[in-house]
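What follows is the residue order along each chain.
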Amino acid sequence: MKTQNEARNLSMVMDLYELTMGNGYFTDGNKDGRVVFDVFYRNNPDKGGFSIFAGLGQIIEYIENLHFDDNDIAYLKSLGIFNEDFLEYLRNFKFKGDIYALEEGTVMYPGEPVITVIAPLIDAQLIETAILLEVNHQSLIATKTRRICYAAGNRLVSDFGARRAHNMDAAVYGARAAFIGGASSTATVLAGQMFGIPLSGTMAHSWVMFFEDEFLAFKKYAQTYPDMTVLLVDTYDVLRSGIPNAIKTAKEVLEPMGKRLKGIRLDSGDLAYLSKKARKMLDNAGLNDCMIVASNSLDEFTIQSLITQGACIDSFGVGERLITSKSEPVFGAVYKISAVENNGVFEPRIKVSENIEKITNPGLKKLYRVYDENNKAIADIIAEYNEELEGLSETDYIDPLKPWKRRSFKGCRFVKLQKQIFKDGRFTGTKRSVQEIAAYVRRQLDNEIWVEEQRFENPHRHYLDMTPGYYNMKRNLLAAVRE
């Protein structure tokens with residue numbers, strides 16, 4: 001049995017049913033038949049107006065390294081449920097399909113294809129779990145972080161969540177997603193090392209409690225880190241002890257060295273009240289440039305409340321409620337088959353449910369974002385695969401929630417959102433750093449996405465429309481299912 005520090009073949013991170021279905025397809029002679037699967041989700045977390053697509057970098061790594069080694073084959077053989085020929089097939093397995101996806105960091109909406117896999121049946125089935133776990137985890141954390149950063153306004157937000165993450169991988173890739181969503185830094189060192197994310201952090205209460213008195217603890221820290229001294233002032237008494245000793249440290253330790261106290265951190269108590277009192281005390285001592293950092297079970301709602309109360313806080317360290325997305329910890333992306341190839345033609349497939357939101361959008365398709373003359377994204381639209389939408393000329397569309405209304409886009413620009421990232425199993429896309437992805441998120445939200453979609457309460461619904469051709473295809477398919 002492998003421990004967490006031994007090398008792991010992450011190809012084995014899959015549900016058993018992917019392998020049992022693969023074995024069944026193989027035995028039945030269907031291993032080479034091509035299919036189409038779409039990844040999409042049904043609802044934005046926290047009843048928000050949008051979500052942030054994240055996790056694509058790790059999906060690419062998974063696909064590129066997908067294989068089964070001798071240990072994996074031996075383990076699968078020991079289960080006693082797989083055909084020997086199928087196991088030999090897995091021994092030489094390499095992904096052979098095509099994959100299309102949104103650019104990582106794209107602002108996305110429910111119901112639209114985020115990733116499309118066009119591949120041999122077994123290939124498409126084996127990658128399901130890996131794709132979903134990356135999309136579901138990182139998109140959730142990136143979206144939650146964006147909400148927190150939106151509430152914080154121009155104040156910095158740091159990821160302090162590692163110790164409350166669900167495991168080590170969740171801490172590291174949660175930090176990656178948080179940076180994509182807008183966090184300025186992380187306290188997780190491995191995330192800093194792997195992704196070049198700036199690191200942040202100060203001291204724990206244990207540092208202060210180890211020394212015989214608070215001032216001595218502050219003094220030792222300031223002497224060790226004179227250029228980055230941020231003092232935790234709530235171990236004993238913020239206003240009677242912590243702030244006075246922080247000021248004393250600034251005056252008696254740092255200023256003789258030609259240094260300034262960078263900041264203080266509040267980690268308990270009434271943060272609004274304490275921050276205002278602390279600001280006044282620091283300013284009276286001539287420490288107007290000393291930042292006040294706040295932590296302690298923060299999220300977008302507490303931050304919004306603090307700012308409304310006039311809290312004098314310059315930066316937020318957000319932990320458990322960011323890294324676990326505590327208010328809504330499940331993203332809900334799914335992986336559904338949408339077409340099956342028959343004699344060179346992809347025939348659409350549709351999943352029907354008593355719940356309207358669970359009825360899938362069938363077939364091979366294209367997803368466009370529609371921009372008005374001010375470059376604002378006014379809708380997304382699904383088109384048939386062979387349709388090309390052009391700008392400026394009048395383009396009819398159907399709102400599937402109000403199909404009886406005839407509507408059209410006029411003078412708009414259409415941008416195809418999915419890009420091919422794998423062709424015949426070979427990566428053909430562009431790998432981007434988390435810094436580039438985070439900048440892409442900011443550009444969209446600052447310039448393209450309506451502020452009405454970004455508010456927390458009753459955000460504007462971003463429309464997902466359909467071309468008449470695609471809508472009629474879906475309607476006809478539903479009618480055929482009912483017969």
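Just above, that's the structure.
Presented here is an overview of the structure given in this document.

Cut-off values and rules
Residues numbered from 1 in each chain as written. Predicted model: local features only at pLDDT ≥ 70, side-chain atom pairs only at ≥ 80, totals over all residues. Heavy atoms only, no water. 1 Å grid on protein atoms, 1.4 Å probe; cavity = no way out; pocket = protein on both sides within 12 Å on 5 of 7 lines; lining within 4 Å. Points joined across faces, edges and corners; volume = space filled by probe spheres on them. Helix = DSSP H or I, 4+ residues; strand = E, 2+ residues; numbered from the N terminus. Buried < 20%, exposed > 50% of the residue type's maximum accessible area, 1.4 Å probe, protein only. Core = buried A, V, L, I, M, F, W, Y, C linked by side-chain atoms within 4.5 Å. Contact = heavy atoms within 4.5 Å. Pairing = 2+ DSSP bridges. Salt bridge = Lys/Arg side-chain N within 4 Å of Asp/Glu carboxyl O.

1. Quick look at the layout of surface pockets
Counted as a void, the largest pocket has a volume near 1200 Å³. Taken together, 41 residues make up the lining of the largest pocket; nearest its centre are Arg-8, Leu-10, Val-13, Glu-134 and Asp-169. At the level of elements, helix H1 (16-27), helix H2 (56-64), helix H3 (70-78), helix H6 (128-152), helix H7 (168-181) and helix H8 (189-195) are the ones that each hand at least two residues to the lining of the largest pocket. Here the lining of the largest pocket takes six residues from H6, the largest share from any one element.

2. Examining the environment of Leu-190
On the secondary structure map, Leu-190 appears in helix H8. Its relative accessible area of 41% is what places Leu-190 among the partly exposed residues. Separated by 15 residues in sequence, Leu-190 and Ala-175 place their C-alpha atoms 9.5 Å apart.

3. A short note on the nonpolar core
Of all hydrophobic cores here, the largest spans 123 residues; its most connected members are Leu-90, Ile-115, Val-117, Ile-127 and Ile-264. With residues up to four places along the chain from it excluded, the contact list for Ile-127 reads Glu-18, Tyr-62, Ile-63, Leu-66, Phe-95, Ile-99, Val-117 and Tyr-335. Core analysis: the next-biggest nonpolar cluster, separate from the first, contains ten residues, Tyr-368, Ile-381, Leu-389 and Phe-414 among them.

4. A look at the sheet that holds strand S8 (residues 230-232)
Strands sit in the order S7-S6-S11-S10-S9-S8 across an open sheet of six strands; the sheet is parallel. Single-partner strands in this sheet number two, and they are strand S7 (185-186) and S8. With four bridges joining them, strand S6 (residues 156-159) and strand S11 (residues 315-318) adopt parallel strand pairing. Counted as the bridge partner of Ser-158 is Gly-317 from S11.

5. A few points about the environment of Ile-421
Residue placement: Ile-421 occurs in strand S19 (residues 419-423). Residue class for Ile-421 comes out buried when judged on its relative accessible area of 8%. With 320 residues separating them in the primary sequence, Ile-421 and Ala-101 have C-alpha atoms 6.9 Å apart. Those residues in contact with Ile-421 that sit more than four places away from it in its chain are Leu-56, Ile-60, Ile-99, Ala-101, Arg-426, Phe-427, Thr-428 and Gly-429.

6. Some remarks on the pattern of salt bridges
The full count for this structure, using the stated rule, is 31 salt bridges. The residue Asp-38 makes a salt bridge to Lys-365 at a minimum N-O spacing of 2.3 Å. Of the two residues, Asp-38 is situated in strand S1 (residues 34-40) and Lys-365 in strand S14 (residues 365-371); the sequence distance between them amounts to 327 residues. Judged by relative accessible area, Asp-38 falls into the buried class, the value being 4%. For Lys-365, a relative accessible area of 7% translates into the label buried. We note a salt bridge from Arg-260 to Glu-255, for which the minimum N-O separation is 3.4 Å.

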